[in-house]
Every structure is written in structure tokens, then in C-alpha cells.
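Now for the letters of each chain:
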Amino acid sequence: MLTVGLTGGIGSGKSTFAGLLARRGAQVVDADAIGRTALEPGQQAWHSVVDTFGDEVLAPGMRIDRARLADIVFANPKALAALNAIVHPIIVSRIAETLEMLRGTDEIVVIDAALIVEIGLTDALDVLVVVDAPEDVRRTRLVDERQMSIEDINARMRVQADPTELADRADIVVKNNGSLDDLDREAQRVWEELSRLSQSSE
């Protein structure tokens, strides 16, 4: 098993790149999906979030209003730290369970996580891949594709690792400032490199 961390700043195209690797055979572990599942009604993290932030974060049907929760935590570092303290241990635990399940196989496992460095997963990795794009490109994508406000973009970028520092720590850097076809070619390049590393580690 080759354990690959995949990260990048918001708007970099990290999750799109993860999908391109999945199409080539990677087993992708989506940290965001784990976090979303953890906040489903009835889950322990759901109770902890409601206890911490109150009923104001609930939408109809007792689901957590993720947009409202984001507004609260990205405007308040202490609130963000409180949310991370609830959700991050669950994400790390589920990732560890998946890695343990796949240990001994010849799978290439890609952990898709925006905060892979911040939650301390780098020690578990064989390879760190960082998807990078210029800040103006990332901002345009977030406004055009996700309809995010400039204020929301700024708040989220402030709490993520500096892209230059991420790139410096990476084993492989993917430049994503072109078309989807360009990114697909990068995915093929990276997949071939990961396959080579996987075979050499057997």
C-alpha cells in the first residue's frame, strides 16, 4: 500500500484532482465527506456541535446548517478551534481505520484533506501531493463556481496553510492554472509516478 496525502488551498482544484486519480484506480479517502457524515443528526459530533454552538446552527429537520456554522467559526478563531477539536479526531480516526483495513494490499490510497498538515497526518504518508494555483485564479473559481463572497473567501484562506509553504513540503506539486484537460494530463503524470513508487516499495 502506498499512502498519499493530497492537499491544497481552497479553490486549488484538489478535489477535482482526487477524482481524476480515482478514475485511474486510486482509493480516495475524502476527509470532507467523513466530516459531513460525522455531523449527521444523532452522531456524537452532532450533539457536541449543538451543545457548543446552540440551536442557532440547526436547520429544519435538525440537520446542522453548515453555511451558518461556517459563518460563525470562520469569523472567530476560538469557535473554529472548538469545532476542529470536535471533528478532527473523528476524521483522523476514520482515516486510520481505512488505512488499517487496506494495509498489506497493493492499493494506492489517496487521502484528500485540505488540512492534512494541520491535523498531523503527514507522518502517516509515503508521499505528499500539493495542488497549487495562483490566488487570483482560486478566488475567481470560488466566486464563479461556488458563488462565495469575497469576505467568506478571505476568512477561509486565512485559516489555511500558506500555499508556498505547502508546496515547499510537497513531494509532488501539481500546477492547476489551466484547463481541465491540462489537469487531467497532470493527473496522468502523477499517477504514473505514484504507480512507480508503489511498485518500488513492494
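Note: the structure precedes this text.
Residues numbered from 1 in each chain as written. Predicted model: local features only at pLDDT ≥ 70, side-chain atom pairs only at ≥ 80, totals over all residues. Heavy atoms only, no water.

Caption draft 1: Here's a closer look at the nonpolar core. One finds Val 49, Phe 53, Leu 69, Ile 95, Ile 111 and Ile 116 to be the most contacted residues of the largest nonpolar core, which totals 37 residues. Among the secondary structure elements, those contributing two or more residues to this core are α2 (31-38), α3 (44-53), α4 (66-73), α5 (77-102), β3 (108-112) and β4 (127-132). Among the elements that take part in this core, α5 stands out by supplying nine residues, more than any other. Among residues more than four places away in sequence, those in contact with Ile 116 are Gly 5, Leu 6, Thr 7, Ile 111, Leu 121, Thr 122, Leu 125 and Leu 128. Listed in part, the 20 residues of the second largest apolar core include Phe 17, Ala 26, Ile 108 and Leu 194. (Core = buried A, V, L, I, M, F, W, Y, C linked by side-chain atoms within 4.5 Å. Buried < 20%, exposed > 50% of the residue type's maximum accessible area, 1.4 Å probe, protein only. Helix = DSSP H or I, 4+ residues; strand = E, 2+ residues; numbered from the N terminus. Contact = heavy atoms within 4.5 Å.)

Caption draft 2: Geometry of unusual backbone geometry. For Met 62, which is not glycine, the phi torsion reads 65° and is therefore positive. Looking at where Met 62 falls in the secondary structure, it is placed in the loop between α3 and α4. Positioned with a positive phi, Gln 147 is a non-glycine residue whose angle comes to about 55°. Tracing the sequence through the fold places Gln 147 in the loop between α6 (135-146) and α7 (150-158). On the accessibility criterion, Gln 147 (61% relative accessible area) is exposed.

Caption draft 3: Local environment of helix α1 (residues 14-23). Considered for burial, the residues of α1 that qualify are Lys 14, Phe 17, Ala 18, Leu 20 and Leu 21. Within α1, the buried residues cover an arc of 160° as seen down the axis, which keeps them to one side. In this fold, the buried residues of α1 make contact with β1 (2-7), β2 (27-30), β3, β4, β5 (172-175) and α9 (180-200). Once α1 ends, the next one or two residues include Gly 25, with phi positive near 120°. (Arc of directions from axis to C-beta.)

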